[in-house]
Amino acid sequence: MCGRTACTLAPDEFPKVCTFKGKNGQIQEPAWRDGSFNRGKYYPSHNISPQSFTPVLLSSQHFNSLASEEPCERVLQPMRWGLIPSWHRGDPKEFTYNMSNARSDTLLDKRSFKSPLEKGNRCVVLAEGFFEWETLKGGKKQPYYIYLKKDTKIEVQNKTMTEIEGENNNEKETDVKDFHIKKEPEESITVKAEEDAQFGEKRLLTMAGLFDCWKPPNGSGNEDEELFSYTIITVDSSPSLRWLHHRMPAILEGEEEIGRWLDFGEVPWQKALNLVKPKDCLEWHPVSTVVNNSRNKSPDCIKPIDLTQKQEKPIKGTLFSYFKKSPLKQEKALDEGETSQEPSPKKAKFWQ
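All values reported here derive from a predicted model rather than from experimental measurement.

Visitor: Account for the overall build of the chain, naming residues and giving values.
Guide: Summing up its helical and strand segments, the chain has nine helices and 19 strands in all. Considering only contacts within the chain whose residues lie at least 6 apart along the sequence, 66% involve residues at least 24 apart. Roughly 20,200 Å² of accessible area belongs to the chain as shown, and the carbon and sulfur atoms make up 48% of that amount.

Visitor: Talk me through the packing of aromatic side chains; I want residue IDs and the actual numbers.
Guide: Each aromatic ring pair is summarised here by two numbers: the centre-to-centre distance and the angle between the ring planes. If you walk through the whole model with that rule in mind, you get 11 aromatic pairs. Centre to centre, the rings of Phe131 and Trp133 are 6.5 Å apart; their planes meet at 45 degrees, and the pair counts as tilted. Overall, Phe131 belongs to the buried group, its relative accessible area being 0%. Where Trp243 meets Trp284, the ring centres are 6.0 Å apart and the plane angle is 50 degrees; that geometry is what we call tilted. With Trp243 in the loop between strand S17 (227-236) and strand S18 (247-249) and Trp284 in strand S19 (residues 282-286), this pair connects stretches of sequence that are 41 residues apart. Aromatic ring contacts, followed pair by pair, group Phe131, Trp133, Tyr145 and Tyr147 into a single cluster. Directly above the aromatic system of Phe63 lies the positively charged group of Arg33, at a separation of 3.9 Å from the ring centroid. A cation over a ring is seen here: Arg74 above Phe20, with NZ or CZ 4.1 Å from the ring centre.

Visitor: Tell me about empty space enclosed by the protein, and name the residues and values.
Guide: Under the counting rule described, the total for this entry stands at one cavity of 30 Å³ or more. Around the largest cavity, the lining residues are Thr5, Cys7, Ile48, Thr54, Val125, Leu126, Ala127, Tyr230 and Ile232. Those elements that provide at least two residues to the lining of the largest cavity are strand S1 (5-7), strand S9 (122-127) and S17. The biggest single contributor to the lining of the largest cavity is S9, with three residues. Its residues assigned to classes, the lining of the largest cavity comprises seven nonpolar, two polar and no charged.

Visitor: Which residues make up helix H3 (residues 111-119), and what values go with them?
Guide: Where H3 is concerned, the buried positions are Ser112, Phe113, Pro116 and Leu117. Buried positions in H3, seen along its axis, are confined to an arc of 115 degrees and lie on one side of it. Tucked into the core, H3 has its buried residues touching strand S8 (101-103), strand S16 (205-214), S17 and helix H6 (269-272). Note on H3: the residue one or two positions beyond its end, Gly120, has a positive phi of about 85 degrees.

Visitor: Describe the sheet that holds strand S10 (residues 129-135), naming the residues involved and giving the relevant values.
Guide: Overall, antiparallel pairing links the five strands, which are arranged S5-S1-S10-S11-S19 in an open sheet. Each edge of the open sheet carries a strand with a single partner, namely strand S5 (45-48) and S19. Adjacent strand axes in the sheet meet at a mean angle of 30 degrees, parallel and antiparallel pairs treated alike. Pairing geometry for strand S11 (residues 141-148) and S19, over five bridges, is antiparallel. Opposite Leu148, over in S19, you have Leu282 as the bridge partner.

Visitor: With reference to specific residues and values, describe the pairing of S11.
Guide: Extensive coverage of S11 is indicated by the burial of seven of its eight residues. As paired strands, S10 and S11 are joined by six bridges and run antiparallel to one another. By the bridge assignment for S11, Trp133 is matched with Pro143. Between the antiparallel neighbours S10 and S11 lie five residues, among them Gly138 with a positive phi of about 90 degrees.

Visitor: Kindly report on the nonpolar core, identifying the contributing residues and their values.
Guide: Phe14, Val124, Leu126, Tyr230, Ile233, Trp261 and Leu282 are the most contacted members of the largest nonpolar core, which has 63 residues in total. It is S16 that provides the largest number of residues to this core, a total of seven residues. Contact partners of Leu126, with chain neighbours within four places excluded, come to Cys7, Phe14, Cys18, Pro55, Leu57, Leu76, Leu204, Leu205 and Thr206. In terms of nonpolar packing, the next biggest core, distinct from the first, is built from eight residues, Trp133, Tyr145, Tyr147 and Cys301 among them.

Visitor: I'd like a rundown of unusual backbone geometry, residues and numbers included.
Guide: The phi dihedral of Gln51 is positive, around 85 degrees, even though this residue is not glycine. Assignment of secondary structure puts Gln51 in the loop between S5 and strand S6 (53-59).

Visitor: I'd like a rundown of the pattern of salt bridges, residues and numbers included.
Guide: Summed over the entire model, instances satisfying the criterion amount to eight salt bridges. Across the pair Arg74 and Glu255 runs a salt bridge whose closest N-O atoms are separated by 2.4 Å. Separated by 181 residues along the polypeptide, Arg74 in strand S7 (residues 74-81) and Glu255 in helix H5 (residues 254-262) bring together distant segments of the chain. Here Arg74 and Glu255 have matching classes, each one buried. Between Glu257 and Lys279 there is a salt bridge whose closest N-O contact spans 2.9 Å. Placement of the pair is Glu257 in helix H5 and Lys279 in the loop between H6 and S19, with a sequence separation of 22 residues. As far as burial versus exposure is concerned, Glu257 and Lys279 are alike and both buried.

Visitor: Describe the side chain of His285, naming the residues involved and giving the relevant values.
Guide: For His285, the position within the fold is in strand S19. Among the polar contacts listed, one links the side chain of His285 to the side chain of Tyr147, at a separation of 2.9 Å. For His285, the side chain forms a polar contact with the main-chain oxygen of Ile302, separated by 2.8 Å. Non-local contacts of His285, meaning those with residues more than four positions away in its chain, are made with Tyr144, Tyr145, Tyr147, Ile302, Lys303 and Pro304.

Definitions and limits used
- Residues numbered from 1 in each chain as written.
- Predicted model: local features only at pLDDT ≥ 70, side-chain atom pairs only at ≥ 80, totals over all residues.
- Heavy atoms only, no water.
- Helix = DSSP H or I, 4+ residues; strand = E, 2+ residues; numbered from the N terminus.
- Contact = heavy atoms within 4.5 Å.
- Areas by Shrake-Rupley, 256 points an atom, 1.4 Å probe, with all protein chains shown as cover.
- Phe/Tyr/Trp six-rings, centres within 6.5 Å; stacked < 30°, edge-to-face > 60°.
- Buried < 20%, exposed > 50% of the residue type's maximum accessible area, 1.4 Å probe, protein only.
- Lys NZ or Arg CZ within 6 Å of the ring centre and 35° of its normal.
- 1 Å grid on protein atoms, 1.4 Å probe; cavity = no way out; pocket = protein on both sides within 12 Å on 5 of 7 lines; lining within 4 Å.
- Points joined across faces, edges and corners; volume = space filled by probe spheres on them.
- Nonpolar A, V, L, I, M, F, W, Y, C, P; charged D, E, K, R; others polar.
- Arc of directions from axis to C-beta.
- Pairing = 2+ DSSP bridges.
- Axes fitted to C-alpha atoms, helices over the stretch in contact; angles between N-to-C directions.
- Core = buried A, V, L, I, M, F, W, Y, C linked by side-chain atoms within 4.5 Å.
- Salt bridge = Lys/Arg side-chain N within 4 Å of Asp/Glu carboxyl O.
- Polar contact = N/O pair within 3.5 Å; in protein donor to acceptor, adjacent residues only side chain to side chain.

So, in structure tokens, the structure goes:
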């Protein structure tokens, strides 16, 4: 499954890393569609939980106001994570079902997912990584941060990094993670290796998703009242990830798969579902349990930790360890020579 993600790119950075070649052969950047209160605001974070708004990629054909504009074939829009069906008649806040994930094998069995699938409401959910928890003996859980392998081939405008390196065989070999896309005046794409590459370390996962648009039953029909929400499609885990969890998000690899998933006009949903399958393109590392609390948003949430390193224990004889003892043990400790500090008069009532 996928119940927590990380995404720290700013809104103005997303179009640059989502550049693609349009049907007219021109290089395009998706348009950022933001605005109303109900559409929600995206806040970059190292720890994103369901009900938050995050950017998703979709075809501009879903929006009449953008369908005739050039060159916006694709749109980036923040949507609420956790699908609210369009047929829901009450307040979205009162919709209590967990719709953050949708199993690929039961999409057609549930009305909430079948309807947007058949309507062509397909989207690509973007994130730098996601979290999963390993269940240990005794019921404890160890979180892991999961992301794209560093040696995974990146398709850039229908070319793989291997092909690009072959074309530039006279240049110094550089790690794949240092490549990023830069738009040139002649609408051509060049891929460069720079030590200060702005997005080199932030390679996005592109996960298959479905979205829907909820409108208030007695609304005015104004777009500002619409609430867009999405769910992430999950599949059986790949063999390499099965030890951690039996489900994983359906990842779309390369521009061809992304394009086919988004093109609901040319690719019917029956064929699009062939793209939804386990992929062996991920790696991971253990992280601190600080990520367990969704209110913690710091970089510590994705920082690797050493599981062989023991956690520090409170030092015996400290004031902290003294107050953790039972009253009988406190008396015994004082008899054995441990000292305690008397609370100040202003704080005395808190200790009584």
